[in-house]
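A closer look at the structure
For reference, the chains in residue letters:
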Amino acid sequence: MIGGMLAIVAVTILQGAPVSADASGDPAAVKEEGGKYFDKNGNPTYKIQTDGTVDWFTYSGFRRYHSDCHVCHGPDGEGSTYAPALKDSAKTLTYDDFIGVIASGRQVVNTARESVMPAFGTNPNVMCYVDDLFVYLRARGNDALPRGRPAKREDKAEAAKKHEKDCLPTQ
Ligand code: HEC
């Protein structure tokens, strides 16, 4: 009898679980605003079509990552001997924690080890694109995107144009 009840509880939990999930929740896109996609918790996420076409933010994140992060974190978010694989971090850190580390940096410096993640909080070329970086690495972490430059992408999103105008300092 008790065994039967436990079995029912277990089945209910399994049915309630999302198909795939990371620390920010189920990455499936449920909402789109001006070419930017969001999951059911309101976190930015990727949208990759069956023919491999990626959304603008995933593509932009790929480019930003390879200009500002890959020297330490390795190509394609795969990690290096010096810095962790960010495709995994995008799965284990929540969206807020992920952004927090980029803004504030983090370091472990002792006699055995020196590991320094610089703070990018005052760098608009990084901070204005943290969603792009997150979305790209989230796609990598969930195995939705293979290594390398995405072959096909959506046009530059209206949401990205507006955000750049609001976020980047005026020259
Ligand atoms: C100068 C080298 C360097 C650069 C450039 C760099 N990082 Fe890091 N980053 C590190 C190191 C080293 C760590 C691990 C810090 C520690 O030991 O706590 C780290 C940690 C992180 C973490 C936390 C990972 C986790 O799983 O806890 C995130 C997120 C991160 N970096 C994002 C970025 C992003 C995004 C960029 C590009 C905009 C970037 N980093 C550029 C060296 C770097």
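It should be noted that the structure appears before, not after, this text.
Along each chain, residue indices are assigned from 1 in the same order as the chain's sequence is written. The predicted nature of this model means local features are confined to residues of pLDDT at least 70 and side-chain atom pairs, given and counted, to a pLDDT of 80 or more, with totals for whole chains, interfaces and linings taken over all residues. Side-chain calculation: all heavy atoms of the structure are included, whereas hydrogens and water are not.

**A few points about the nonpolar core**
- Core analysis: the largest hydrophobic core is formed by 27 residues, its most contacted members being W56, F57, Y65, F98, I102, Y136 and L137.
- Think of it this way: any DSSP run of H or I at least four residues long counts as a helix, any run of E at least two long counts as a strand, and we number them from the N terminus. Of all the secondary structure elements, the ones that give two or more residues to this core are α2 (56-68), α4 (86-92), α5 (95-104) and α7 (130-141).
- Considering every element that reaches this core, the biggest residue donor is α7, with 7 residues.
- Two residues form a contact once any of their heavy atoms are found within 4.5 Å. Among all residues touching Y65, those that are not within four sequence positions of it are H70, H73, G74, P75, D76, G77, L86, L133, Y136 and L137. Nine residue types can take part in a nonpolar core, namely buried Ala, Val, Leu, Ile, Met, Phe, Trp, Tyr and Cys, and a core is a set of them joined through side-chain atoms within 4.5 Å. Here's how the labels work: a residue is buried when its accessible area is under 20% of the maximum for its type, exposed when over 50%, partly exposed in between, all with a 1.4 Å probe on protein chains only.

**Re the pattern of salt bridges**
- By definition here, a salt bridge exists when the distance from a side-chain nitrogen of Lys or Arg to a carboxyl oxygen of Asp or Glu is within 4 Å. Applying the stated criterion across every chain, the model contains 11 salt bridges.
- Between D22 and R138 there is a salt bridge, with its nearest N and O atoms 2.9 Å apart. In this pair, D22 is assigned in the loop between α1 (2-16) and β1 (31-33) and R138 in helix α7, connecting sequence segments 116 residues apart. Taken as a pair, D22 and R138 share a single burial class, namely buried.
- A single network of salt bridges, built from pairs that share partners, joins D22, D39 and R138.

**A few points about the site of the ligand**
- Here, proximity means that at least one heavy atom of the residue falls within 4 Å of the molecule or strand. Taken together, the neighbourhood of the ligand is formed by 22 residues, with C69, C72, H73, S89 and M117 sitting nearest.
- Think of a polar contact as two N or O atoms within 3.5 Å of one another; within protein, one of them needs to be a possible hydrogen donor and the other a possible acceptor, and neighboring residues in sequence only count if both atoms come from side chains. Between the ligand and the protein, one listed contact pairs an oxygen atom with a side-chain N or O atom of R106 at 2.8 Å.
- Residue S115 places a side-chain N or O atom 2.7 Å away from an oxygen atom belonging to the ligand.
- Only protein atoms enter the calculation, which uses a 1 Å grid: trapped sets of points that fit a 1.4 Å probe without letting it out are cavities, open sets showing protein on both sides within 12 Å along at least five of seven lines are pockets, and any residue with an atom within 4 Å of a point is a lining residue. Any molecule with more than half of its atoms within 2 Å of a cavity's or pocket's grid points is counted as sitting in it. Of the pockets mapped on this structure, the ligand occupies the largest pocket.
- Sorting the residues of the shell around the ligand by element identifies α3 (70-73), α4, α5, β4 (106-109) and β5 (114-117) as the ones contributing at least two each.
- Split by residue class, the shell around the ligand holds 16 nonpolar, 3 polar and 3 charged. Here the nonpolar group is Ala, Val, Leu, Ile, Met, Phe, Trp, Tyr, Cys and Pro; Asp, Glu, Lys and Arg are the charged ones; every other residue, Gly included, is treated as polar.

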